[in-house]
Amino acid sequence: MSTDYKYVPEPALVKGDHTFGSITDIIAKTPLSPTPKLWYLAFGISNLLLITLLGAVGYLIWEGIGIWGLNNPAGWGWAIINFVWWVGIGHAGTLISAILFLFRQGWRTAINRFAEAMTIFAVMCAGFFPAIHVGPIWVIYWVFPVPNSMAIWPNFSSPLLWDVFAVSTYFTVSLLFWYVGLVPDFATLRDKAKSKVAKISYGIAALGWTGSFRNWWNYEKAYMILAGLATPLVLSVHTIVSFDFAVSMIPGWHSTIFPPYFVAGAIYSGFAMVLTLMIIARKIYGLEDIMNIDIREKMNLVMMVTGNLVAFAYLCEGFIAWYSGYIYEQGIFWLYATGPYAWGFYILMFCNVVTPQFLWSRKIRRNVALTFVISIIVNIGMWFERFMIAVASLATDFMPSNWDYFSPTFWDIITYIGTFGLFFTFFLLFLRYLPMVAIAEVKGVMPQADPHNYDDETKEFVKPKAEPAVVDQQTV
Amino acid sequence: MTKITWDNVALMSKNTADRLGVEAAGLGVANVDVLAITVNGTTVEIPAWVQPGHADDSITITVGYGREGVGKVANGTGVDTYPLRSTSAMLYATDVQVENTGKKYEIACTQDHNSMEGRSLLRHATLQEYRDNPDFSTYDSAYNAELPGEAYAGEQGQDRPLSIFDAIDEADYPDYEPQWGMTIDLNSCIGCGTCTIACQAENNIPVIGKREVSNGREMHWIRTDRYFEGDVDDPKALHQPVPCMHCELAPCEQVCPVAATTHSDDGMNQMTYNRCIGTRYCANNCPYKVRRFNFFNYTKEFLTTGSDPEVVQMAMNPEVTVRFRGVMEKCTFCVQRVNRAKINKKIETDGESLKPDDGSVETACQQACPADAIYFGDLTDPDSKVTQTKKNNRNYLLLEELNTRPRTSYLAKLRNPNPKLA
């Protein structure tokens, strides 16, 4: 038997001929150079959408929830769909930055900053919807357990209240995690900045970072602790969001499979959104060496796995509906496939069951254009998944006499589109003023980071050339 | 019977509609074909409506719609069909030309689906079937399956999942008296909808207009469901009034984030309008879908606009709160009448009793029902009518398998068809 094994090194995570200095340069270049014209154009469009959103919300508060297409069986519509959709998108960021960090996945460094920023802005868009979808918004603070003159607590058995805690905790931890990761990079920008304003602002944000051993020591510990804190949140937030549905008794909602199924779906859509944004940004900002093809393939693999998990969950739901013998559950599944919303069901099946199967092919996984298209299809599919759950289940529930058809109005649509304005306004500000890749972390996964096993000539990580020196204690 | 609001239509059977190329409305289809009907050279355009059970080759139209200048409730609703009705043919005309104009018209219908889809919501039997199986209306008979939770209840030493109705004489009865309940006798119900209108008048329910009804936002606290069963040409029509069930284990109460809907001591599920923040989660989680949401400031519009708002304002019931935009509302079991009776009893008895005599509290729907199909009263009074009706073997609970334990129950419908006619 031959024992002729060959050492096959992992492909380098950063492509091209880079030194630590050149990495700092290509990343720090964007925040420190003058604003490109294209950015103003994109920012202008985002601002217009944001203004549209604020206008739509102003009209909503003035006029009432009736401007949306909601009706009596379907008390929740686009607002809740969009909420779940945006929260789901946010999940990729936390998964990449926290869970992949704990699993020592070096490739995460290329996209973690980017994905975390996306998480924060997506959660902002998400949190916006439950706040505006209520009746009298001026008393929305009643959902918080604050002491009040009515001497009444919120109802702790309501999943909506759990949502309030889950989403606000998630937002806080994500923001802290993101900021802690940014501190060393703020210091880099502070040191490189030419203008006084930039020096002072980055300097304040850098919290007096000197790059000393003690700084790094504290930083690594803080980062590890926050990663540990954020890890359960990846699973808990969407679990609790799914409880909004699973804890109620509506057929198509009341299902124990919802928590894992929602979390898988969230990661699926989140990775798709990161891919969509990354494919554009890396081109414009010349970061192809860092956000390279191997990284994208790995992301595609995550999408394939979670996409198939979601598809499996659909299968399970169908099986359980049949196996349970529960006529209302069976009824709703029959209605999904043949009822008034069947068109939505088939869009969903195509986007979430058929599409991930393309990713079995390595060629497709490594094709930029196809990856981009698939990432967009996935996000459309995940939106329709929430549509089918929220609207189709509600509109055709227990008593056929109540069944009604939900159609969105102009205001539903404009509010949804408007949140893209909110998202991209913040996202563009992030691209413009902050380092979009974690400079310090990327360096950590380059071959140069290992001073003992780095070969200057081949620029590669090599096996130890010599046995470690053993110092004989007695001779010293 | 049609569940159409605001408009009049030309009713016809499925076969006639097929011949005229008219499509039936349904879930998601509110726009119907408009027909041009010509009698003696006079043409009227009127929307067509497929009515199961209608006689073939004939069309029914109603008069009295399409009036002008009578205020906001009648303007622009329906078609004036009097031109078709001449003194020579007061009730029916035979020489009629009908043409499908190809135009579409939106009809505000409050029930889009006619079939029960095999769900045993409205239980009924013939007299013979009832004699053969007097317990036909139980869950076990209706579905030929054991009620979920029955096995568990057996292990706990009960006949069935615990319910207040089984414990009329037992010690585990709630200590507060009275406890309110309602029974609706489907055998008596004729499906006229008077209960809905009585409730609307009693409880200051705003009229919201055709636009909002088409959006599916009708505000009625009690509705009459109508199902068709059997052959589309000769169906059985079944009627079922559905108010809030005042569930003992109310799904709405558990999901409200601010505890705006809660239970009263006397067993009523109550809405606190001032506490409601309008998440609509309660309405979503209500399996009976009896909760109504103020999508707009309907009350303000109803009370301040139109040709004579002061008359409308004077028609309001001063004992019932009007509801603001963005809050949920629903049947209260006419809590204002209940509390009035409790106060009166307390005064009469010098504070000794809060239990009004049986029959001294009538809900608006009960009072107005021409067939006396609705019973309401105190379940802790073993002699009250409502307690007696709940002991009837036709008594059943709507969606009993969900274990919401409704306080409102139904008496199943019986038919006695004449075999020579059937």
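Residues numbered from 1 in each chain as written. Chains lettered and ligands numbered in written order. Predicted model: local features only at pLDDT ≥ 70, side-chain atom pairs only at ≥ 80, totals over all residues. Heavy atoms only, no water.

Trainee: Which parts of the structure should I look at to understand the overall build of chain A?
Mentor: Counting its regular elements, chain A contains 15 helices and two strands. Taking 476 residues into account, the globule formula puts the C-alpha radius of gyration at 23 Å, and chain A, at 25 Å, falls close to it. Each principal axis of the C-alpha distribution contributes one length, and for chain A these read about 90 × 70 × 50 Å. When each of the 476 residues of chain A is scored for burial, the buried share is 56%. Here the contacts in chain A between residues at least 6 apart in sequence split such that 81% fall between residues at least 24 apart. Accessible surface computed for chain A: about 21,000 Å², of which carbon and sulfur atoms make up 70%. Each charge sign in chain A was given a centre, from 28 positive and 29 negative side chains, and these centres are 10 Å apart. (Helix = DSSP H or I, 4+ residues; strand = E, 2+ residues; numbered from the N terminus. Rg over C-alpha atoms; globule rule 2.2 N^0.38 Å. Buried < 20%, exposed > 50% of the residue type's maximum accessible area, 1.4 Å probe, protein only. Contact = heavy atoms within 4.5 Å. Areas by Shrake-Rupley, 256 points an atom, 1.4 Å probe, with all protein chains shown as cover. Lys, Arg positive; Asp, Glu negative; His and termini not counted. Charge placed at Lys NZ, Arg CZ, Asp CG, Glu CD.)

Trainee: What's the story with the state of the cysteines in this structure? I'm lost.
Mentor: Linking two cysteines covalently through their sulfur atoms gives a disulfide. Residues and elements named next belong to chain B. Following the criterion strictly, the structure yields zero disulfides over all chains and no others. Cysteine Cys192 is unpaired, with the sulfur of Cys369 as its nearest cysteine sulfur at 6.2 Å. Note on Cys192: relative accessible area 44%, which makes it partly exposed. The cysteine Cys199 is free of any disulfide, with Cys334 supplying the nearest cysteine sulfur at 6.3 Å. Overall, the relative accessible area of 7% leaves Cys199 in the buried class. (Disulfide = S-S within 2.5 Å.)

Trainee: Explain the pairing of strand 3 (residues 31-39) of chain B here, please?
Mentor: The two faces of the sheet receive side chains in turn, since in a regular strand these alternate between them. All names here are of chain B. Burial of strand 3 is extensive: eight of the nine residues sit out of reach of the surface. Two strands pair when backbone bridges link them, and strand 3 and strand 6 (residues 96-106) are joined in this way by eight bridges, in the antiparallel orientation. Its bridge partner lying in strand 6, Asn31 is registered against Glu106. One ladder, built from six bridges, connects strand 3 with strand 4 (residues 42-50); its direction is antiparallel. Bridged to Ala36 within strand 4 is Glu45. Remark: two residues form the turn of the hairpin made by strand 3 and strand 4, two consecutive strands paired antiparallel; Asn40 in that turn has positive phi of roughly 50 degrees. (Pairing = 2+ DSSP bridges.)

Trainee: What's the story with the sheet that holds strand 2 (residues 10-12) of chain B in this structure? I'm lost.
Mentor: One key point about sheets: their strands pair by backbone hydrogen bonds, in either a parallel or an antiparallel sense. Residues and elements named next belong to chain B. The five strands are arranged 5-2-4-3-6 in an open sheet whose pairing can be described as mixed. Two strands close off the open sheet at either side, each with one partner strand: strand 5 (60-61) and strand 6. Sheet analysis places strand 2 next to strand 4, joined by three bridges and oriented parallel. Residue Leu11 lies in a different strand from strand 4, and its bridge partner there is Trp49.

Trainee: Would you take a moment to explain the sheet that holds strand 17 (residues 395-396) of chain B for this structure?
Mentor: Residues and elements named next belong to chain B. Overall, mixed pairing links the four strands, which are arranged 16-9-18-17 in an open sheet. Strand pairing shows two members of the sheet lacking a second neighbour, strand 16 (374-378) and strand 17, which therefore form its edges. Note that strand 9 (residues 180-185) and strand 18 (residues 408-411) share four bridges and pair parallel. If you follow Thr183 over to strand 18, its bridge partner there is Ser409.

Trainee: Looking at this model, I keep getting lost on the interface of chain A and chain B. Mind explaining?
Mentor: Accessible area lost on assembly of the parts is the figure often given for the size of an interface. Chain A puts 58 residues into the contact, and the matching count from chain B is 55 residues. Summed over both sides, the interface of chain A with chain B buries roughly 4,500 Å², with 58% coming from carbon and sulfur. If you look at where chain A meets chain B, you find one salt bridge. Our count for the contact surface shared by chain A and chain B stands at 33 residue pairs in polar contact (both at pLDDT 80 or more). Looking at the side of chain A that touches chain B, the elements that each hand over two or more residues are helix 2 (37-63), helix 5 (159-192), helix 7 (213-246) and helix 10 (327-338) of chain A. The dominant element in the side of chain A that touches chain B, judged by the number of residues it contributes, is helix 2 of chain A, at four residues. Class assignment for the residues of the side of chain A that touches chain B results in 38 nonpolar, 16 polar and four charged. (Buried area = accessible area lost by both parts, 1.4 Å probe. Salt bridge = Lys/Arg side-chain N within 4 Å of Asp/Glu carboxyl O. Polar contact = N/O pair within 3.5 Å; in protein donor to acceptor, adjacent residues only side chain to side chain. Nonpolar A, V, L, I, M, F, W, Y, C, P; charged D, E, K, R; others polar.)

Trainee: Any chance you could explain helix 8 (residues 258-284) of chain A here in plain terms?
Mentor: Think of an α-helix as turning once every 3.6 residues; residues three or four places apart then point the same way. Residues and elements named next belong to chain A. Between its first and last C-alpha atoms helix 8 spans 39 Å; for 27 residues at 1.5 Å apiece the expected length is 39 Å, and the two agree. Its axis deflected by about 25 degrees at Met278, helix 8 carries its strongest bend there. The first or second residue beyond helix 8 is Gly286, which carries a positive phi of 60 degrees. (Expected span 1.5 Å × (residues − 1). Bend = angle between axes of the 7 residues up to and from the residue.)

Trainee: What should I look at first to understand the nonpolar core in this one?
Mentor: Most often, soluble globular proteins have nonpolar side chains that are buried together. By size, the foremost hydrophobic cluster in this structure holds 223 residues, and its most contacted members are Trp86(A), Phe114(A), Phe245(A), Ile290(A), Phe387(A), Phe427(A) and Phe430(A). Apart from residues no more than four positions distant in its own chain, Ile290(A) is found in contact with Leu13(A), Val14(A), Ile23(A), Ile26(A), Ile27(A), Ala110(A), Ile295(A), Val437(A) and Val442(A). The next biggest cluster of nonpolar side chains, apart from the first, holds 13 residues, and it includes Met12(B), Ala17(B), Leu35(B) and Val39(B). (Core = buried A, V, L, I, M, F, W, Y, C linked by side-chain atoms within 4.5 Å.)

Trainee: How should the environment of Gly44(A) be read in this particular structure?
Mentor: Relative to the helices and strands, Gly44(A) is located in helix 2. Put simply, Gly44(A) and Phe121(A) are 77 residues apart on the chain and 18 Å apart in space, counted from C-alpha to C-alpha.

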